[in-house]
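Examining the three-dimensional arrangement
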Amino acid sequence: QVQLVESGGGLVQPGGSLRLSCAASGFTFSSYSMSWYRQAPGKERELVATISSAGGSTNYAGSVKGRFTISRDNAKYTVYLQMNSLKSEDTAVYYCKAVHWRGDVYWGQGTQVTVSS
């Protein structure tokens, strides 16, 4: 049974930090590229960051570049998103996504991040 379980969300003040985790199971994690997406109320889901299957390549949305860092630990079947210098506009539900080159796609259920004073 495939599962992606996000954790680490919560309420943080502007300028603060959070580290999200996404624990995977039920598939060969190291064969999948992993991404973080977010969806704010009333907005479409948007790509935040992507990391290749081996972790050697990363890409970021312009709005988070220099503030967020995606990483993965294939031995632990986990992908992370370190979020620093958080802004109110980062408030959203954050989802992780697994993609295989054959076309298999899996999504997590999401974790809420709220940036507010």
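Definitions and cut-offs
- Residues numbered from 1 in each chain as written.
- Predicted model: local features only at pLDDT ≥ 70, side-chain atom pairs only at ≥ 80, totals over all residues.
- Heavy atoms only, no water.
- Disulfide = S-S within 2.5 Å.
- Helix = DSSP H or I, 4+ residues; strand = E, 2+ residues; numbered from the N terminus.
- Buried < 20%, exposed > 50% of the residue type's maximum accessible area, 1.4 Å probe, protein only.
- Phe/Tyr/Trp six-rings, centres within 6.5 Å; stacked < 30°, edge-to-face > 60°.
- Lys NZ or Arg CZ within 6 Å of the ring centre and 35° of its normal.
- Salt bridge = Lys/Arg side-chain N within 4 Å of Asp/Glu carboxyl O.
- Pairing = 2+ DSSP bridges.

Before going further, it helps to examine the state of the cysteines. Within this structure, the stated rule accounts for one disulfide. Each sulfur of the disulfide joining Cys22 and Cys96 lies 2.0 Å from the other. Looking along the S-S bond of the Cys22-Cys96 disulfide, the torsion reads about 45 degrees, which is the right-handed sense. Of the two residues, Cys22 sits in strand S3 (residues 18-25) while Cys96 sits in strand S9 (residues 92-99), which places them 74 residues apart along the sequence. Residues Cys22 and Cys96 agree in their burial class; the two are buried.

Taken as a whole and judged by the stated rule, the model has seven aromatic pairs. What links up through ring pairs into an aromatic cluster is the set Phe27, Phe29, Tyr32, Tyr77 and Tyr106. Directly above the ring of Tyr80 sits Arg19, whose terminal nitrogen or CZ lies 4.0 Å from the centroid. The ring of Phe29 carries Arg72 above its face, with NZ or CZ at 4.4 Å from the centroid.

Tallied over the entire structure, the rule returns four salt bridges. When the shortest N-O distance is used, the salt bridge between Asp90 and Arg38 registers 2.9 Å. With Asp90 in the loop between strand S8 (78-83) and S9 and Arg38 in strand S4 (residues 33-39), this pair connects stretches of sequence that are 52 residues apart. One exposure class covers both Asp90 and Arg38, and it is buried.

Bringing the pairing of S8 into the picture now. Consecutive side chains of a regular strand alternate in pointing toward one face of the sheet and then the other. Most of S8 is tucked away, with five of its six residues classed as buried. Two strands pair when backbone bridges link them, and strand S7 (residues 68-73) and S8 are joined in this way by six bridges, in the antiparallel orientation. Considered in S8, the bridge of Ser71 is made with Tyr80. Counted between consecutive antiparallel strands, the loop separating S7 from S8 contains four residues, among which Tyr77 sits at a positive phi close to 55 degrees.

Within S4, five of the seven residues are buried, which leaves the element mostly enclosed by the surrounding structure. As paired strands, S4 and S9 are joined by seven bridges and run antiparallel to one another. Bridge pairing in S9 links Ser35 to Lys97. As defined by bridge partners, S4 adjoins strand S5 (residues 46-51) across five bridges and the pair is classed as antiparallel. Along S5, the bridge assignment pairs Ser35 with Thr50. Turn length for the S4-S5 hairpin, with the two strands adjacent in sequence and antiparallel, is six residues, and the turn residue Gly42 shows positive phi of about 75 degrees.

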